[in-house]
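# Residue-level structure breakdown
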Amino acid sequence: MNSSTRIILLAACFTSRFAHAAPGSVSPPPDSITAEGLSHADASVITFSAPANGIPTAKMVDGPLLGNGDVGVTISGNPDALCFHIGKNDFWGQQSQSPMAVGQIRVLAPALAGAPYKATGDMRRARWTGDFAKGSSGLSVRSFVDANANRLFLTLANTGTTPLDIAVRQGKGEGGPTIPMQVNAPASPVLTGCEQVGARRWFFKGKTSGLAVLNRALSQNEITALAKSAHDKTKNFDGTNVEPLAAPAVSTGLTVAGWILVDDFDPAEANYLVSTGEWSKAYSLGLSGGHLRLSINGTFVQTDAALPKGNWIHVAGTFDGKSMKVYLDGKPAKSLGSEGSDGLSFVYAPDAGLPDARTVAMATRILGVNGDRFTLARGSKRTLVSCIISDLDAKDPVTKAEKESGGMTEEKAAVCAAAHEAWWANFWGKSFIEIPDKVIEQHWYSSQYVLGSCSRAGKVAPGLWGNWITMDKTAWHGDFHLNYNFQAPFYSVFAANRPELASPFFDAMNQSIPRGLRIAKERGWKGIHLPVSIGPWGMCPEGDRADHAQRSNTAYAALIYGDYWRATRDKAWLEKTGYTYLRETAEFWTDYLKFENGRYVIEHDAIHEQSGGGGRSGVSSDFNPILTLGLVRALYRNMLDMSEALGADADLRPKWKDILEKMSPFPTQERGGKTVFRYTEKGTAWWPDNTLGIQHIYPAGAIGLDSDPKLLENSNNMIDAMNRWNDYNGSSSWYAACARIGYPPEKILTGMRSMYDKHSMPNKILYFGGGGIENVSPSAAVNEMLMQSHEGVLRFFPCWPNTLDARFGTLRADGAFLVSAELKGGIVSDVKITSEKGVDCTIVNPWSGRKIQVVRNGTKAEIVEGDRTTLKTKVSEKLELAPM
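If you're wondering where the values come from, they're calculated on a predicted model, not measured in any experiment.

Along the chain, the regular secondary structure elements total 15 helices and 47 strands. For 884 residues, the compact-globule estimate of 2.2 N^0.38 gives 29 Å, and the C-alpha radius of gyration of the chain, at 30 Å, lies within 12% of that figure. By principal-axis analysis of the C-alpha atoms, the chain measures approximately 100 × 70 × 50 Å. Across the 884 residues that make up the chain, the buried fraction comes to 62%. A separation of at least 24 residues holds for 70% of the contacts in the chain among residues at least 6 apart in sequence.

Structural data, given as structure tokens:
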């Protein structure tokens, strides 16, 4: 209850189209990778022909997506009532144990009621443009979330032939598009002296006189008259007692007023005078850290200073259907969250008074406008800017938000826009792909855009729904699910040469190490063990023991650490960030594994949530689940590599090697006359949905093109038997697993295209009735089809139809290599490799039976031959390969 929020909007009329590079054109020189990435991103504009449907939602939004890795914005509403929903990755509720919606900006243009909906999402510049016209009225809206600061900019431009009246509204996160905001409280007794929740809480300490509730907003003159009334009949509240108060039904107007004398208050808590329930519902008047505060449906306004103790004061709070105000002794009080001449504002702090409660401030200004209404002359435009600051961004988020918004000018806004575009130009310049199927290609670019918009180094990681949170209570807590959901969005970022996008993942997992150590110790294990559901800062939404009988969660999360290490070979990261988590995970498994009959086995580990008779925290009868067998193999392979790189834990390596050598084999069974994998050796044999049966292949990486031919045969049989081409939870792993084992590429592309055609929302997120940002990860399959570096062996177009031309630029391979190549007319050409760390590079000869000319830093060097060769490299060395 002790935060404030102000908002600004900014927009401008903008549309653009750029020509796509001609398919099959000659591969550009290496220094033009950036231009290629920009060109393909330009060609991936998303068209929206109707407003978003069903927002606010507890799940994934279907509207346009904007974001800077922290703040996320999606847009809903018709042209006459556009609504910009604002979320933020670090705005989590302590009581809800989930990310919460921050607020909304609403742009009202009544003249456009019934106008056709026409909008575009420009991924290249990370902005949304709406162009709306009806009769002589026209409005162009350009919006973007600043890539370099937590600001939402809107530019509103009149594209019609007559003046256009505009009104701007703001509000708390999950309210619907109805304007004006309504209270909707029935006539009933309300409580005075506490918050009316459960057994009552946050009691007022002091005296009151004449408290009353009216269903209209009193004028200042009326409130001044009340302030002159007597207050000799008092009720004393000692911090435990409460009193009922009759109140009328309240809808579009409200006044709560009376005399109070404050004996005491807690600077970190609330103390209520009048309450109709939980503070974020209906209305209340009380103190927040001593500040007088009026709250309606979670939106509130409060005095900028605490009230004095020991003196009688007349207090009042009013709401006229549009704005909220608080009064002291009959005069409007200087306040935070009130409507002012310099902009719009509101405040939202859902857990004030609780330890580690988050505070967010939103400050909005319409540049050059006094108030919230203005008229756009023909050909004119207005800029709005909203600054969204949390207590993790600044110690005093209110002051920072107000200072940033108050200091914004048109000139500064233009500078911000240019810097924003430059950030995204750098982002798109990291890599590119070009393939014949433009639908699949667009989804590859949109997957990178989504991750670039919702994940950023130094910020809190995105949950299930990214930073596009439009309701306070989201499905499945909107949290970090460790049995695939939290990891899956990052599957594609390493090969796509954007490994930095995974940084928030490591922060979240490392913050959970203390909890994981405690949970494991309490259950008699070593190392760390975590439940399925976690959050930032060690949060645990479902409780310590809710692992759904699965022991695999920490090992599953460890995959992303291994992916990052192999892709970057960054020793500084490994020492500072990566090694501790994996070391503790290995400690758990070294303790948990049992050695029986010459092999290591895994007991009581559910392959699927609660399978094998295991409840949420029970014991499963599943034995040797196939996924965990793959995860444990990946864990110890990575530990051996990482420990050797750091020169650490040499005494533990013999044990790790022994585990790898003697791990139980993957269980198998017969189905349809063919040998396929069994989900567990004992226990659950098969599962009718999901793709757990192939996740030991991908993402665990236990099987690849160099694996035993029998394993590869079983893997291909498993794909046929499972037939999960449209899977609720499986798209993130299914297609990449197919590519990893060399399944017929034509079938992979056909299945992928069919999935995108059937299940894509307008914003290109896949939707199967559930699922969030993890549904961008099928793009990882495209990386695997074009280039593989599994187990340190580099392959070009290993699972791509030889009849389809394709190109890629600076995809990232294991060993910290940046790789480019083209396939044209069935022939590989223009192979380029940059070695960032100078490690050996093993390649499969893309020109079977021919020698290879190696060019190093532009100079012809050695000639090599054979189906497979290992090339020595130096740090930053550039290699080009050509057939002889």
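The probe, sized like a water molecule, is rolled over the atoms to show the empty space still left. When its volume is computed, the second largest pocket comes out at roughly 760 Å³. Surrounding the second largest pocket, 39 residues form its lining, Arg566, Ser789, His790, Glu791 and Asp814 being those nearest its centre. Those elements that place two or more of their residues in the lining of the second largest pocket are helix H8 (553–568), helix H10 (626–646), helix H15 (779–786), strand E38 (787–788), strand E39 (793–796), strand E40 (806–813) and strand E43 (841–844). In terms of residue count, H8 provides more of the lining of the second largest pocket than any other element does, five residues in total. When grouped by side-chain class, the residues that make up the lining of the second largest pocket number 17 nonpolar, 11 polar and 11 charged.

In total, this model carries zero disulfides according to the counting rule given. A disulfide-free cysteine, cysteine 387 has its sulfur positioned 8.8 Å from the sulfur of cysteine 416, the nearest such atom. A residue is classified by how much of its surface remains accessible, and cysteine 387, at 0% relative accessible area, is buried.

What follows is about the packing of H10 against helix H11 (residues 653–662). Helix packing geometry: the angle between the two helix axes and the distance between the axes. Where H10 contacts H11, the axes come no closer than 9 Å and their chain directions differ by 150°. Overall, the two elements H10 and H11 adopt an arrangement that is roughly antiparallel. Seen along the crossing, H10 lies across H11 with a hand that is left-handed. Between H10 and H11, the residues in contact are Arg633, Tyr636, Arg637, Met639, Leu640, Ser643 and Glu644 and Arg653, Trp656, Lys657, Ile659 and Leu660, respectively. Class assignment for the residues of the contact of H10 with H11 results in six nonpolar, one polar and five charged.

The buried fraction of strand E18 (residues 283–288) amounts to six of the six residues, a majority that puts the element mostly inside the structure. Pairing of strand E17 (residues 270–275) with E18, which is carried by five bridges, proceeds in the antiparallel orientation. When the bridges of E18 are listed, asparagine 271 appears paired with leucine 287. When E18 meets strand E19 (residues 291–296), the two strands line up antiparallel, connected through six bridges. By the bridge assignment, serine 284 is partnered in E19 with serine 295. Connecting E18 to the antiparallel partner E19 that follows it, the hairpin turn spans two residues, and glycine 289 within it adopts a positive phi of roughly 60°.

Let us now look at the nonpolar core. One finds Phe84, Trp128, Phe796 and Ile833 to be the most contacted residues of the largest nonpolar core, which totals 199 residues. By residue number, the principal contributor to this core is H10, which donates 11 residues. Listed in part, the 32 residues of the second largest apolar core include Val183, Ala247, Leu307 and Val326.

One open sheet accounts for six strands, arranged E14-E13-E16-E21-E22-E23; its pairing is antiparallel. The open sheet has two free edges, formed respectively by strand E14 (235–238) and strand E23 (331–332), since each of these has just one partner strand. Judged from the two bridges that link them, strand E22 (residues 324–328) and E23 form a sheet pairing that is antiparallel. Opposite leucine 328, over in E23, you have lysine 331 as the bridge partner. The strands touched by helix H2 (residues 220–227) are strand E16 (254–264), strand E21 (312–319), E22 and E23; relative to E21, the strand with the most contacts, the crossing angle is about 155°.

Attention shifts here to helix H13 (residues 731–740). Most of H13 sits out of view: 10 of its 10 residues are buried. Among the residues of H13, those classed as buried are Ser731, Ser732, Ser733, Trp734, Tyr735, Ala736, Ala737, Cys738, Ala739 and Arg740. A positive backbone phi angle near 75° is found at glycine 742, which sits one or two residues after H13.

The next subject is the confidence of the model for the chain. Across the chain, the average pLDDT comes to 90, with 93% of residues at 70 or higher. In this model residues 1–30 is a low-confidence stretch, pLDDT under 50, and it forms 155 contacts with partners more than four residues away in sequence or in other chains. Contacts of residues 174–180 to residues separated by more than four positions or lying in other chains number 18 contacts, the stretch itself having pLDDT below 50.

By the secondary structure assignment, histidine 481 is in strand E30 (residues 480–481). What makes histidine 481 buried here is its relative accessible area of 9%. With residues up to four places along the chain from it excluded, the contact list for histidine 481 reads Leu464, Trp476, Phe486, Gln487, Val532 and Ser533.

In this structure the tally under the stated criterion is 44 salt bridges. A salt bridge links lysine 400 to glutamate 404; the shortest N-O distance between them is 3.0 Å. Highlighted residues: lysine 400 and glutamate 404, both in helix H3 (residues 397–406), separated by four residues, approximately one helical turn. A salt bridge links arginine 566 to aspartate 814; the nearest nitrogen and oxygen atoms lie 3.1 Å apart. Taken as a pair, arginine 566 in helix H8 and aspartate 814 in the loop between E40 and strand E41 (817–824) lie far apart in primary sequence, 248 residues in all. Each of the salt bridges in this network shares a partner with another, and the network as a whole consists of Asp42, Asp122, Arg124, Arg125 and Glu421.

With that settled, consider the packing of aromatic side chains. Here the structure, examined in full by the defined rule, presents 41 aromatic pairs. Ring geometry for phenylalanine 506 and tyrosine 564: centres 5.4 Å apart, planes at 80°, overall edge-to-face. Of the two residues, phenylalanine 506 is situated in helix H6 (residues 503–511) and tyrosine 564 in helix H8; the sequence distance between them amounts to 58 residues. For the pair phenylalanine 506 and tyrosine 564, a shared accessibility class is recorded, and that class is buried. Through a chain of ring-to-ring contacts, three or more aromatic side chains come together here, namely Trp92, Phe480, Phe486, Phe490, Phe494, Phe505, Phe506, Tyr561, Tyr564, Trp573 and Tyr581.

Okay, the sheet that holds E39 next. The strand order across the open sheet formed by four strands is E38-E39-E43-E46, and the pairing between neighbours is mixed. Of all the strands in the sheet, just E38 and strand E46 (868–871) have a single pairing partner and so form its edges. Taken together, the four bridges between E43 and E46 define a ladder with antiparallel strand orientation. Within E46, the residue paired with cysteine 841 across the bridge is leucine 871.

Another point: empty space enclosed by the protein. Evaluated as defined, the whole model comprises five cavities of 30 Å³ or more. Of the voids in this model, the largest cavity is the one considered here, and its volume is about 90 Å³. Every residue along the wall of the largest cavity is listed here: Ile46, Phe48, Pro64, Leu65, Leu66, Gly121, Asp122, Met123, Arg127, Trp128, Tyr449 and Asn763. Sorting the residues of the lining of the largest cavity by element identifies strand E2 (46–48), strand E3 (65–67), strand E7 (119–122) and strand E8 (127–134) as the ones contributing at least two each. Its residues assigned to classes, the lining of the largest cavity shows eight nonpolar, two polar and two charged.

On to the pairing of strand E45 (residues 859–864). Examined bridge by bridge, strand E44 (residues 852–856) and E45 share four bridges and lie antiparallel to one another. By the bridge assignment for E45, arginine 856 is matched with threonine 859. Counting the residues in the hairpin turn of E44 and E45 gives two residues, including asparagine 857, whose phi is positive at 50°.

On to the environment of aspartate 706, then. Checked against the element boundaries, aspartate 706 lands in the loop between strand E37 (680–682) and helix H12 (709–722). Considered as a pair, aspartate 706 and alanine 821 are 115 residues apart in the sequence and their alpha carbons are 22 Å apart. A distance of 2.9 Å separates polar atoms of two side chains, one belonging to aspartate 706 and the other to arginine 868.

Scoring rules and cut-offs
- All residue numbers refer to positions counted from 1 along the written sequence of the respective chain.
- Where totals are concerned, whole chains, interfaces and linings use all residues; where local detail is concerned, this predicted model gives features only for residues with pLDDT of at least 70, and gives and counts side-chain atom pairs only at 80 or more.
- The basis for every side-chain value is the complete set of non-hydrogen atoms in the structure, without hydrogens or water.
- Secondary structure elements follow DSSP: runs of H or I of four or more residues count as helices, runs of E of two or more count as strands, with numbering from the N terminus.
- Radius of gyration means the value over C-alpha atoms here, while the globule rule gives 2.2 Å times the residue count to the 0.38 power.
- Per-residue accessibility, obtained with a 1.4 Å probe over protein chains only, is compared with the maximum for each type, and a residue is labelled buried under 20%, exposed over 50%, and partly exposed between these values.
- Throughout, a residue-residue contact means that at least one pair of heavy atoms, one from each residue, lies within 4.5 Å.
- Only protein atoms enter the 1 Å grid used here, on which a cavity is any set of points holding a 1.4 Å probe that cannot leave and a pocket is any open set flanked by protein within 12 Å on both sides along at least five of seven lines; residues with an atom within 4 Å of a point are listed as lining.
- Grid points are joined across faces, edges and corners, and a volume is the space filled by probe spheres set on the points.
- Amino acids are sorted into nonpolar (Ala, Val, Leu, Ile, Met, Phe, Trp, Tyr, Cys and Pro), charged (Asp, Glu, Lys and Arg) and polar (every other residue, Gly among them).
- Here, a disulfide means two cysteine sulfur atoms that sit within 2.5 Å of each other.
- Between the N-to-C directions of two axes lies an angle of 0 to 180 degrees, each axis being a line fitted to C-alpha atoms and, for a helix, fitted only over the stretch in contact.
- Should an angle fall under 35 degrees it is called roughly parallel, over 145 degrees roughly antiparallel, and 65 to 115 degrees roughly perpendicular, with every other angle called oblique.
- Crossings are assigned a handedness: left-handed for a near helix turned anticlockwise from the far helix by less than a right angle, right-handed for a clockwise turn.
- Strands were regarded as paired on the criterion that DSSP finds at least two bridges between them.
- What we call a nonpolar core is a set of buried Ala, Val, Leu, Ile, Met, Phe, Trp, Tyr and Cys residues that are connected through their side-chain atoms within 4.5 Å.
- Residue-level confidence of the predictor is what pLDDT reports, using numbers from 0 through 100.
- For this document, the term salt bridge refers to a Lys or Arg side-chain nitrogen within 4 Å of an Asp or Glu carboxyl oxygen.
- Between 30 and 60 degrees the pair is tilted, below 30 it is stacked and above 60 it is edge-to-face, where a pair is any two Phe, Tyr or Trp rings, Trp via its six-membered ring, whose centres lie within 6.5 Å.
- As used in this structure description, the phrase polar contact means that two N or O atoms lie within 3.5 Å; if the pair is within protein, one of them must be able to donate a hydrogen and the other to accept it, and residues adjacent in sequence are counted only when both atoms belong to side chains.

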